[in-house]
Amino acid sequence: MAKKKAEGYLSAKESRQISKRNRKITDELEKKRKRKNVPESEYVTKMHDPKNAVEFDNLHTYFFTDTGTVKSVDGVSFEVPIGKTVGIVGESGCGKSVTSLSLMQLLQRPQGQIVEGEIRLNLGDKVYDIAKTPQEKMQNIRGNMVSMIFQEPMTSLNPVFRIGRQIEEVIELHDGEGKSKEDIKARTIELLEMVGIANSEGVYKMYPHELSGGMRQRVMIAIALACNPRIIIADEPTTALDVTIQAQILDLLRNLKDKINSSIMLITHDLGVIAEMADYIVVMYAGRVVEKGTAEEIFEHPSHPYTIGLMASKPVVGKKVDKLYSIPGKVPNPVDMPNYCYFKDRCEMCVGPCAGDYPPEISLSETHKVSCYRYCEEKGEK
Ligand SMILES: Nc1ncnc2c1ncn2[C@@H]1O[C@H](COP(=O)(O)OP(=O)(O)OP(=O)(O)O)[C@@H](O)[C@H]1O
Ligand SMILES: [Mg+2]
């Protein structure tokens, strides 16, 4: 990265230099990704554990912007077991959405690129490494294998098409072979009913603006489930909804997941939602996983100072406090990440080695892992 002036601004010349360098890197990566007829042996791989639906392994996703390289996801590893829900929590901007967009290959290209690591996706009979899968193969994987429920349904639905048409289009594209128009319509109505829309025939003919927020979110879920995906990514699926609708939507997701035995990656700021839904929890901070474990381990024994802070900042019914805890300071700038623990400057529990390199991952149990020096001594490492 070019050297910044004292006041933090880049000169036009420096910015041009960065753009030029970025273009060179991204052009090369794009060329590789756009090749036709890539032999399958290049991206077919094996799961480390066949009981997993997805394995993120040392994933690095960067954005090559004119002000420098944003290391949005910087060495993330975790698994999503088949039939389980994995909750991903972390402060705004810590890379939750970028991680899930990497799995869908929906990064804003050419500047957004997976530069290192593997994402192993279990397709049943085969395993693909999504980081190397050519884009022509992705059409079939998105929707059929992995689908995503976005945060804001109004911006994800097309305002000029009727609801029915939008769901039908997805079925036609991914699962339409050998189906007549009537079959597809029947499936659309069935999906609308499945997500709890009572007036399904009526809604079929409506436009997105004629529905309430909760109904729009249900339609989004119907679209995501149209092809029985193995993995559902729900990125803040209920943030825009009121609490009662939120509970209904979460129930719905849980029931549907059990019905088609898929896995859910649930991204949210809301620890209440996580507590209710997740089997496993991944805590992210500034593009890295700082702690992961089963829901019980994370809620009962939060270990990383950031997770401890997160738990302490959650209101508890029946417990009266003067002021809720807030973690001091803010997340470091992703363009200029320090090489020591990213949380150090905000941490109230620092120990000696914290000033050194980024901490290694320590196993507290088979499933519970934490990256923090506080546990190194106990485990006799470093
Ligand atoms: N298209 C892009 N170009 C440049 N930087 C980006 C782009 N998309 C995301 N980023 C950067 O990547 C980092 C991670 O973003 P991400 O959207 O994954 O955060 P998040 O954890 O989902 O946050 P939130 O909880 O607010 O949704 C942020 O610093 C963001 O600025
Ligand atoms: Mg996000």
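Described in the following lines is the structure provided in the data block. (Residues numbered from 1 in each chain as written. Chains lettered and ligands numbered in written order. Predicted model: local features only at pLDDT ≥ 70, side-chain atom pairs only at ≥ 80, totals over all residues.)

Looking at unusual backbone geometry
A negative phi holds for most residues other than glycine; trans holds for most peptide bonds.
Here's step 1: That bond from Arg109 to Pro110 is cis: its omega, 5 degrees, falls within 30 degrees of zero.
Here's step 2: Structurally, the position occupied by Pro110 is in the loop between helix H2 (96–104) and strand S4 (112–122).
Here's step 3: A positive phi is found at Gln105, a non-glycine position, where the angle reads about 50 degrees.
Here's step 4: Inspection of the secondary structure puts Gln105 in the loop between H2 and S4.
Here's step 5: The backbone phi angle of Ala286 is positive, close to 50 degrees, even though this residue is not glycine. (Helix = DSSP H or I, 4+ residues; strand = E, 2+ residues; numbered from the N terminus.)

Let's talk about the site of ligand 1
Here's step 1: For ligand 1, the set of nearby residues contains 16 residues, the closest of which are Ser72, Ser92, Lys96, Ser97 and Val98.
Here's step 2: Elements represented by at least two residues in the shell around ligand 1 include exactly strand S1 (52–65), strand S2 (68–81) and H2.
Here's step 3: Per element, the largest residue contribution to the shell around ligand 1 is three residues, and it comes from H2.
Here's step 4: Tallied by class, residues from the shell around ligand 1 come to five nonpolar, ten polar and one charged. (Near = placed C-beta within 6 Å. Nonpolar A, V, L, I, M, F, W, Y, C, P; charged D, E, K, R; others polar.)

Brief notes about the nonpolar core
A general tendency of soluble globular proteins is for nonpolar side chains to be buried together.
Here's step 1: With 81 residues, the main nonpolar core has Ala222, Ile231, Met265, Leu266, Val283 and Tyr285 as its most contacted residues.
Here's step 2: The biggest single contributor to this core is helix H8 (residues 213–225), with eight residues.
Here's step 3: Aside from chain neighbours lying at most four places away, what touches Met265 is Val80, Val86, Ile88, Ser100, Ile231 and Ile233. (Core = buried A, V, L, I, M, F, W, Y, C linked by C-beta atoms within 7 Å. Buried ≥ 20, exposed ≤ 12 C-beta atoms within 10 Å, placed from the backbone. Contact = placed C-beta atoms within 7 Å.)

Overview of the packing of helix H5 (residues 163–175) against H8
When two helices pack together, their arrangement is given by the angle between their axes and by how far apart the axes lie.
Here's step 1: Remark: H5 packs on H8, axes separated minimally by 9 Å, with the N-to-C direction vectors making an angle of 20 degrees. Relative to H8, H5 is oriented roughly parallel. Of the two possible hands of crossing, H5 and H8 adopt the one that is right-handed. Across from Ile163, Gln166, Ile167 and Val170 in H5, the residues of H8 making contact are Val219, Ala222 and Ile223.
Here's step 2: Of the residues that constitute the contact of H5 with H8, the class distribution is six nonpolar, one polar and no charged. (Axes fitted to C-alpha atoms, helices over the stretch in contact; angles between N-to-C directions. Parallel < 35°, antiparallel > 145°, perpendicular 65-115°, else oblique. Left-handed = near helix turned anticlockwise from the far one by under 90°.)

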